[in-house]
Amino acid sequence: MRQTITYLIAYLLAQFSYSDVFAAQVRVAVASNFASTAEVLVAKYAQLSGDQIVLLVGSTGKHTAQIQYGLPVDVFLSADSEMPNLLEDKGLVVDGSRQTYALGRLALWSKDPQRVDPNGEVLTASAFKRLAIANPKTAPYGRAARQVLSNLAIQPKLIYGESVAQAFQFAHSGGAEIALLALSQVINFQQGSYWLVPSELHSPIEQQLVLLNDVPAAHDFIKFLLSEQALSIIELHGYTRPAATGYTRPDQLEND
Amino acid sequence: MFSESDITALLLTLKLAGISTLVLILFGTPLAWWLAKSAWRFKFLLEALLALPLVLPPTVLGFYLLVAFSPQSSIGHAFESIVGQPLAFSFTGLVVGSVIYSLPFVIQPLQNAFIAVGRRPLEVAATLRASPSDRFFSVVVPLAKPGFLSAAVLGFAHTLGEFGVVLMIGGNIPGETQVASIAIYEHVESMQLASAHWLSAALLLISFCLLVLVYAANPKARVLRL
C-alpha cells in the first residue's frame, strides 16, 4: 500500500514537471466565425512552412478577457476591431501590428430552399414570424444585423443567439424561420437559401488581427495571412478582402 | 468518426480525471480523516468552506481561479517563479481547478466512511500493538473500502463532466487544455454536429461503463447513494 502511494506520488511529480515545447509553434486565438476558414488557411500554410500552427477557437470577447489574464497566444484573429483596439490601448499587443484581415458580410439565411428570395423581400415585407440574430451587445455581426433592421425601418420579432453560431443553430433547428448571419457561415453550407445583404446597410465589420508575441514564426504567419494566396482563400469563404493591407490608423476604424 | 483532435481531447479528459482523482484521494484522505476525528469547535466553518464547490456556479469558481492563476496575481506569479511555467491556461492549472471543484465529492464519502468505522476496531488493533499507521492501513482502509470507491468514482466522474471551470481557465488549447466537453461545445458552435454526436456518445459510454463496473463489483456497497 505504502509502496503504491510512493509510486503514485512519483508519477504525479513527473506529470507536473512535464511540458511540451515545440520548435516553432505559433498559437493563434481565432474567432469562432473565422475558425473553419482558418483551418483551411492553416492546412495551406503547412505546405509552405514547417512551423506548426495551433488554433484556439473561441468567442472574441472571451479571448480578449483571457489574453489579459495571460492566455499564451502569439496571434489573435478577432471578429471585430473593437477588442484588438482595447488590447492595444492596454499595451498588450506589438506596436503597429493591428490590421484588418477580412471584412465580414451579412447574409439572410433560411433552412428552406424557397424561403429567401434573391432580393431579400422576405425581410422587407416582414413575411415571417421570427428572425434570429446574434446578441448585438457582444457579437459584431449582431450589431451589424441591428443596423440593417433600423436602416430598413422594420421591427420584427427577434430571438437572440449568444453568438452568430447560436443564431445559425436557431434557424437550423427551426426555432426561427430566418436569420441574419455571417455570410461565411452559409456560403459553403449545402442547405437552404440566402440573400447577401448589401454592405451599404451596415457599417463595415472589420475583422482585425494583432500580434501579441514578437516572434519570427508569428510574423511569418501574419505575412502569409495578408498574402494574395491567403486573401483569395478568405474571399472564397464569404469575406471581402480589406481595402489595403498594412497598418491602419485607429481613427479610421471607428464604426459604432 | 473521431478526428485526431477528438481522440486527443478524450485522452486528455481521461488523463485529467485520473490525475485529479489520484491527487484528491492522496490529499482528501488525511483531510477527511481529520474531519471525521477532530473535535475542533470551528470545524463546521471548514466543512462549509469545503462544501462550497457543490453549490457555487462553476463560473464563479472559474472566474476566481482565472484571477488567481494569472501571472499578475501573487499566486500565479509565485507558481511561475518556482515551477518555471505559468499556471493559467495550462494542464497543471486544470488539475488544480479540478481538484478544488471535485473536492467535496471525495471528502464527503470518505468522511462518512471513516465515521462509520468508529473507534472500536482501532482500539482493538491498538491492544494488539498495531502502530498508528498500521492501524490506518490495515484496519481503517479495508473497512472504509466502499467509501474510497465512492470517493474515487465520484471524483473521477465529476471531473469528466467538468465544463464551466475549464471554459474559464483552460483557454481551449489542443492537447493541453482542450478536454472533451470543451471540444463538444466547439463542434456545436461550428455546426460540426456529427463530430459533436460522436464525442458526446463516447463520453456517455465511458461514464456509463464506469458506473456499471462499480455497481457490478459492489452490489451491496453504498456507492453513489448520497
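Residues numbered from 1 in each chain as written. Chains lettered and ligands numbered in written order. Predicted model: local features only at pLDDT ≥ 70, side-chain atom pairs only at ≥ 80, totals over all residues.

Trainee: Please give an account of the overall build of chain A that cites residues and values.
Mentor: Looking only at helices and strands, one finds 10 helices and 11 strands in chain A. Burial status across chain A gives 44% buried among its 256 residues. Long-range pairs, those at least 24 residues apart, make up 79% of the contacts in chain A with a sequence separation of at least 6. (Helix = DSSP H or I, 4+ residues; strand = E, 2+ residues; numbered from the N terminus. Buried ≥ 20, exposed ≤ 12 C-beta atoms within 10 Å, placed from the backbone. Contact = placed C-beta atoms within 7 Å.)

Trainee: Explain the nonpolar core to me, and be specific about the residues and the numbers.
Mentor: General note: in soluble globular proteins, nonpolar side chains tend to be found buried as a group. In terms of nonpolar packing, the biggest core is built from 88 residues, with Val28(A), Val30(A), Val73(A), Val75(A), Phe76(A), Leu77(A) and Ile169(B) touching the most fellow members. The biggest single contributor to this core is helix α5 (residues 91–117) of chain B, with 13 residues. Those residues in contact with Val28(A) that sit more than four places away from it in its chain are Ile53(A), Val54(A), Leu55(A), Leu56(A), Val73(A), Asp74(A), Val75(A) and Leu77(A). With 33 residues, the next largest nonpolar core counts Val116(A), Leu131(A), Ala171(A) and Ile178(A) among its residues. (Core = buried A, V, L, I, M, F, W, Y, C linked by C-beta atoms within 7 Å.)

Trainee: Lay out the interface of chain B and chain A in plain terms, naming residues and giving numbers.
Mentor: Each partner contributes to the interface: chain B provides 21 residues, whereas chain A provides 20 residues. Elements represented by at least two residues in the side of chain B that touches chain A include exactly α1 (4–37) and α10 (180–189) of chain B. Considering each element in turn, the side of chain B that touches chain A owes the most residues, four residues, to α1(B). Taken together, the residues of the side of chain B that touches chain A break down into 13 nonpolar, six polar and two charged. (Nonpolar A, V, L, I, M, F, W, Y, C, P; charged D, E, K, R; others polar.)

Trainee: Which residues make up the confidence of the model for chain A, and what values do they have?
Mentor: Residues and elements named next belong to chain A. For chain A, the mean per-residue pLDDT works out to 86, and 86% of the residues sit at or above 70. Of all secondary-structure elements in chain A, the lowest mean pLDDT belongs to helix α1 (residues 2–16), at 61, while strand β3 (residues 75–77) reaches the highest, 97. Confidence drops under pLDDT 50 across residues 17–22; counting only partners more than four residues distant or on other chains, this segment forms two contacts. Residue range residues 247–256 is modelled with pLDDT below 50. Its contacts to residues more than four positions away, or to other chains, number 14 contacts. (pLDDT = per-residue confidence, 0-100.)

Trainee: Describe the environment of Phe76(A), and please don't skip the residues or the numbers.
Mentor: Residue and element names in this part refer to chain A. Among the structural elements, Phe76 can be located in strand β3. The exposure class assigned to Phe76 is buried, which follows from the 28 C-beta atoms found within 10 Å. Counting along the chain gives 151 residues from Phe76 to Ser227, while the straight-line C-alpha distance between them is 17 Å. Discounting residues that sit within four places of it in the chain, Phe76 has contacts with Ala29, His63, Ile67, Pro84, Leu209, Val210 and Leu212.

Trainee: An account of the packing of α5(B) against helix α8 (residues 145–160) of chain B is needed here, citing residue identities and associated values.
Mentor: Residue and element names in this part refer to chain B. Running from amino to carboxyl end, α5 crosses α8 at an angle of 160 degrees, the nearest separation of the two axes being 8 Å. Taken together, α5 and α8 sit at an angle that is classed as roughly antiparallel. Read as a crossing pair, α5 and α8 show a hand that is right-handed. Here α5 contributes Ser98, Ser102, Phe105, Val106, Pro109, Leu110, Asn112 and Ala113 to the contact with α8, which in turn contributes Pro146, Gly147, Phe148, Ser150, Ala151, Leu154, Gly155, His158 and Thr159. For the contact of α5 with α8, the class distribution of residues is nine nonpolar, eight polar and no charged. (Axes fitted to C-alpha atoms, helices over the stretch in contact; angles between N-to-C directions. Parallel < 35°, antiparallel > 145°, perpendicular 65-115°, else oblique. Left-handed = near helix turned anticlockwise from the far one by under 90°.)

Trainee: Explain the pairing of strand β4 (residues 99–104) of chain A to me, using residue names and the numbers behind them.
Mentor: Residues and elements named next belong to chain A. Counting buried residues in β4 gives five out of six residues, a clear majority hidden from the surface. Of the strand pairs in this sheet, β4 and strand β10 (residues 205–211) are connected by five bridges, and their pairing is antiparallel. Each residue of the ladder has a partner; that of Leu103, found in β10, is Glu206. The pairing of β4 with strand β11 (residues 239–240) spans two bridges and is antiparallel. (Pairing = 2+ DSSP bridges.)

Trainee: Which residues make up the sheet that holds strand β1 (residues 25–31) of chain A, and what values go with them?
Mentor: One open sheet holds the six strands; their spatial order is β2-β1-β3-β10-β4-β11 (chain A), and the pairing between them is mixed. Single-partner strands in this sheet number two, and they are β2 (52–58) and β11 of chain A.

Trainee: I'd like a description of helix α3 (residues 60–68) of chain A, backed by residues and values.
Mentor: Every buried residue of α3(A) is listed here: Thr60(A), His63(A), Thr64(A), Gln66(A) and Ile67(A). The positive-phi residue at the C-terminal boundary of α3(A) is Gly70(A), with phi of around 100 degrees.

Trainee: Got a sec to walk through the domain arrangement of chain A? Specific residues and values, please.
Mentor: Residue and element names in this part refer to chain A. Annotation of chain A at the domain level lists domain 1 (19–103 + 206–243) and domain 2 (106–196). Using only C-alpha atoms to locate each centre, domain 1 and domain 2 end up separated by 27 Å. At the interface, 10 residues of domain 1 touch 12 residues of domain 2. Grouping the amino acids of the side of domain 1 that touches domain 2 by side-chain chemistry returns two nonpolar, seven polar and one charged. (Domains from an automatic or database assignment.)

Trainee: So what about the environment of Glu228(A)? Which residues, and what values?
Mentor: Locating Glu228(A) in the fold gives a position in helix α10 (residues 228–236). On the neighbour-count criterion, Glu228(A) (9 C-beta atoms within 10 Å) is exposed.

Trainee: Please set out the sheet that holds strand β8 (residues 178–182) of chain A residue by residue, giving values where relevant.
Mentor: Strand pairing in a sheet relies on backbone hydrogen bonds, with the paired strands running either antiparallel or parallel. Residues and elements named next belong to chain A. The mixed open sheet is built from five strands, whose spatial order is β7-β6-β8-β5-β9. One side of each edge strand has no neighbouring strand; the edge strands of this open sheet are β7 (157–161) and β9 (193–196). Taken pair by pair, the neighbouring strands of this sheet meet at an average axis angle of 30 degrees, ignoring direction. In terms of strand pairing, strand β5 (residues 106–110) meets β8 through five bridges, oriented antiparallel. Along β8, the bridge assignment pairs Leu106 with Ala182.

Trainee: Lay out the environment of Gly174(A) in plain terms, naming residues and giving numbers.
Mentor: For Gly174(A), the position within the fold is in the loop between α7 (164–173) and β8. Along the primary structure Gly174(A) and Leu86(A) are separated by 88 residues, whereas in three dimensions their C-alpha atoms are 37 Å apart.

Trainee: Describe α7(A), listing the residues and the values that go with them.
Mentor: All names here are of chain A. Across the 10 residues of α7, nine count as buried, placing the element largely inside the fold. What α7 keeps buried is the set Val164, Ala165, Gln166, Ala167, Phe168, Gln169, Phe170, Ala171 and His172. With its phi angle positive at about 95 degrees, Gly174 sits one or two positions after the end of α7.

Trainee: With reference to specific residues and values, describe unusual backbone geometry.
Mentor: One non-glycine residue, Ser126(A), lies in positive phi territory at about 50 degrees. Examined against the element boundaries, Ser126(A) turns out to sit in the loop between α5 (121–124) and β6 (130–134). Here Phe89(B), not a glycine, exhibits a phi torsion of approximately 55 degrees, which is positive. Within the secondary structure, Phe89(B) is located in the loop between α4 (74–83) and α5.

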